[in-house]
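Chain by chain, the residues:
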Amino acid sequence: MYNPPDYYRVDDLLTDEHKLIRDSVRSWVERKVLPVVDDYAQKHKPLPVSFIREMGELGALGPFIPEKYGGAGLDHIAYGVIMTELERGDSAIRSSASVQSSLVMYPIFEFGSEAQRKKYLPKLAAGEWIGAFGLTEPNHGSDPGSMKTRFTDEGDHYLLNGSKMWITNAPVCDVAVVWAKDESGKVRGLIVERGMEGFTTPETLKKWSLRASATGELVFDNVRVPKENLLPGLKGLKGPLMCLNSARYGIAWGAVGAAMDCYDTALRYALERKQFDRPVASFQLQQKKLAEILTEITKAQLLAWRLGVLKNQGKATPAQISMAKRNNVEMALKTARESRQILGAMGITGDFPIMRHMMNLESVITYEGTHDIHLLITGADITGIPAFD
Ligand code: TGC
Ligand code: FAD
């Protein structure tokens, strides 16, 4: 039975409500995701879209959005706890929930009109509609400010042209929040709906990572977007970057879940597996691995929890979020690599989740800002000199 580590009793810092939502998401992941996820990943097939509706029923989509708009009205620690449990299942299911919650519902709530909130948020919260977030382009990843996707004002509608690449949920999305430049070169957010003429979403195949997640492109060929689909609340790159703060925060918690699953698997295996007539866990070299993994998971848990407290108080800075995303994802990737070694050859098979987590985490360390970019954000915060300009 899954026995996630909690060496410093972080559980004691959670409320009964946090624990209730944690238990219900954990139980859903164990019943629905774990029995099938390896098969979907091996076959490079996205998990069923029905899972998104089921996450809606659990209250795992937009948990921090007010109940008035279909959300659960929970705090940011609840959101973090949900992300930990989902990513313990697979980064693919956490990715779907991250995008829906932080990158689609959040901007519609934060920058949308009242009519947009009422039209989209309840359906997205219920998982009836699936959302995607289009910022990255084929030639503009770390530097989204140089994007080429543009729209022009045609009087009674906008005309959108360009393309986005590496977009989670793209092939299955009903709506996409798309970032594009207006005629004055300002970045604006547009809500594009499936079915609009000229809008297509080809799937990206041949991935060795996030194989159970639907990734694709968003292609806009003279798409007529109704004027009421422009997000009125904010102009400039700050808008999409604010969404990233919310998603990166969730990943800082999510990565801990993937690491806990690897650690729990490796510890149980090391205690059962015998070589030289002794459990593998009795060898000092393996104890060193386990002890160091547990230390790093504990530090990452505390970092995520403290960031959650700051976020609840409205005090978490983008640079603090970058530090936690960067640290915790690297911790999870290193944990997966070390845990995999503890299992020897068995570690490379789909009978255990470690290799799948390891491959997924190669995407997680790249998306939502690469490992390098987050270091540069910390560097800029310390020195006041942005190295990426
Ligand atoms: P820069 O000039 O620094 O900033 C432009 C304006 O934005 C403000 N700002 C922020 N505001 C809120 N939150 C943040 N994190 C912010 N960072 C910057 C800034 O103050 C400025 O405001 P103003 O009022 O002066 O206009 O922008 P830059 O062009 O120099 O770029 C900075 C940089 C490199 C840090 C940024 O562009 C960056 O973060 N690049 C990484 C791109 C990225 O993370 N892409 C993610 C795409 S989405 C994704 O990967 C989803 S995966 C989902 C999943 O499956 O889970
Ligand atoms: P590049 O920006 O080309 O970077 C290449 C290398 O150069 C990296 O190592 C980078 O760290 C380094 N580099 C770049 N600039 C600098 C610099 N100034 N100094 C030092 N080193 C630098 N995007 C979305 O908009 N929506 C999504 O839903 C989404 N989902 C994704 C799902 C998956 C599975 C993946 C893999 C990506 C997804 N992305 C999404 C895109 C992701 O955000 C980008 O891949 C990421 O921001 C990096 O951009 P890039 O791949 O173009 O790399």
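Undergrad: I would appreciate a short explanation of the overall build of the chain in the present structure.
TA: For the chain, the count of helices and strands is ten helices and nine strands. A globule of 389 residues ought to have a C-alpha radius of gyration of about 21 Å, and the chain, at 21 Å, matches this closely. Every one of the 389 residues in the chain was classed for burial, and the buried ones make up 54%. Long-range pairs, those at least 24 residues apart, make up 75% of the contacts in the chain with a sequence separation of at least 6.

Undergrad: So what exactly am I meant to see when it comes to the site of ligand 2 here?
TA: Around ligand 2 lies a shell of 17 residues, among which Thr136, Ser142, Trp166, Thr370 and Asp372 are the nearest. Side-chain polar atom of Ser142 to an oxygen atom of ligand 2: 2.6 Å apart, as the coordinates give it. Bound to the protein, ligand 2 loses 67% of the 980 Å² it would expose on its own. Those elements that place two or more of their residues in the shell around ligand 2 are β3 (157–168) and α10 (371–383). The element best represented in the shell around ligand 2 is β3, accounting for three residues.

Undergrad: Would you take a moment to explain the pairing of strand β4 (residues 175–181) for this structure?
TA: In regular strands, side chains alternate between the two faces of the sheet. Of all seven residues in β4, seven are buried, a share of seventy percent or more. What you see with β4 is no split at all: Val175, Val177, Trp179 and Lys181 on one side and Ala176, Val178 and Ala180 on the other are buried throughout. Examined bridge by bridge, strand β1 (residues 131–134) and β4 share four bridges and lie parallel to one another. If you follow Gly131 over to β4, its bridge partner there is Val175. Alignment of β4 against strand β5 (residues 187–193), held across seven bridges, turns out to be antiparallel.

Undergrad: I would appreciate a short explanation of helix α6 (residues 238–272) in the present structure.
TA: Think of an α-helix as 3.6 residues a turn; residues three or four steps apart then line up on the same face. For α6, spanning 35 residues, the distance from its first C-alpha to its last is 52 Å, which sits close to the expected 51 Å at 1.5 Å a residue. Among the 35 residues in α6, 28 count as buried, and that is most of the element.

Undergrad: Whenever I open this one, the side chain of Ser209 confuses me. Can you help?
TA: The residue Ser209 is located in the loop between β6 (199–200) and β7 (215–226) in this model. With a relative accessible area of 13%, Ser209 lands in the buried category. At 2.7 Å, the side chain of Ser209 and the side chain of Ser363 are in polar contact. When residues no more than four places from it in sequence are discounted, the contact partners of Ser209 are Met359, Asn360, Glu362 and Ser363.

Undergrad: How should the side chain of Asp182 be read in this particular structure?
TA: Along the chain, the position of Asp182 falls in the loop between β4 and β5. Despite its burial, Asp182 pairs with no opposite charge, the nearest such side chain being Arg188 at 4.5 Å. Within polar-contact distance, the side chain of Asp182 engages the side chain of Ser184 at 2.8 Å. Excluding residues that lie within four positions of it along the chain, Asp182 makes contacts with Phe151 and Arg188.

About the criteria used
- Residues numbered from 1 in each chain as written.
- Chains lettered and ligands numbered in written order.
- Predicted model: local features only at pLDDT ≥ 70, side-chain atom pairs only at ≥ 80, totals over all residues.
- Heavy atoms only, no water.
- Helix = DSSP H or I, 4+ residues; strand = E, 2+ residues; numbered from the N terminus.
- Rg over C-alpha atoms; globule rule 2.2 N^0.38 Å.
- Buried < 20%, exposed > 50% of the residue type's maximum accessible area, 1.4 Å probe, protein only.
- Contact = heavy atoms within 4.5 Å.
- Near = heavy atom within 4 Å.
- Polar contact = N/O pair within 3.5 Å; in protein donor to acceptor, adjacent residues only side chain to side chain.
- Areas by Shrake-Rupley, 256 points an atom, 1.4 Å probe, with all protein chains shown as cover.
- Pairing = 2+ DSSP bridges.
- Expected span 1.5 Å × (residues − 1).
- Lys, Arg positive; Asp, Glu negative; His and termini not counted.
- Salt bridge = Lys/Arg side-chain N within 4 Å of Asp/Glu carboxyl O.

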